[in-house]
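Coordinates in review
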Amino acid sequence: NYKSKDGAYFMLTGLEVPRHMPKILKALKLDRLLPEIRGFPQNRAMFIKELDLAFAELTMEQIRKAFDAADVWYTPVRKYED
């Protein structure tokens, strides 16, 4: 689960890194990380850290708009425990 700037939790669904990560990175304007996809899963921790930092700067509405425009699969989480 990831957390937005305004405290909303969500999760990426159906994530296959080679297939979906380019759209996620582009939606978040993290194009600089595109070459790093080749190093997955060894650099998984780096991706989690970078995504956490990016999501912490955006409200859920901003994330929703970016992901909807880029056709990124995600779902809100009503409670963190879910």
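Below is a short write-up of the structure. (Residues numbered from 1 in each chain as written. Predicted model: local features only at pLDDT ≥ 70, side-chain atom pairs only at ≥ 80, totals over all residues. Heavy atoms only, no water.)

Let us look at the pattern of salt bridges. With the rule as written, the count across this model stands at 5 salt bridges. The salt bridge involving lysine 23 is made with aspartate 71; its shortest N-O contact spans 3.6 Å. Highlighted residues: lysine 23 in helix H1 (residues 17-27) and aspartate 71 in the loop between helix H3 (60-70) and strand E3 (74-77), separated in sequence by 48 residues. A relative accessible area of 28% means that lysine 23 is categorised as partly exposed. Under the relative-accessibility criterion, aspartate 71 is labelled partly exposed at 48%. Put simply, glutamate 50 and arginine 32 hold a salt bridge, and the shortest N to O gap is 2.8 Å. Here the residue glutamate 50 occupies a position in helix H2 (residues 44-56), and arginine 32 occupies one in the loop between H1 and H2, the gap between them amounting to 18 residues. One salt-bridge network, held together by shared partners, links Glu61, Arg64 and Asp68. (Salt bridge = Lys/Arg side-chain N within 4 Å of Asp/Glu carboxyl O. Helix = DSSP H or I, 4+ residues; strand = E, 2+ residues; numbered from the N terminus. Buried < 20%, exposed > 50% of the residue type's maximum accessible area, 1.4 Å probe, protein only.)

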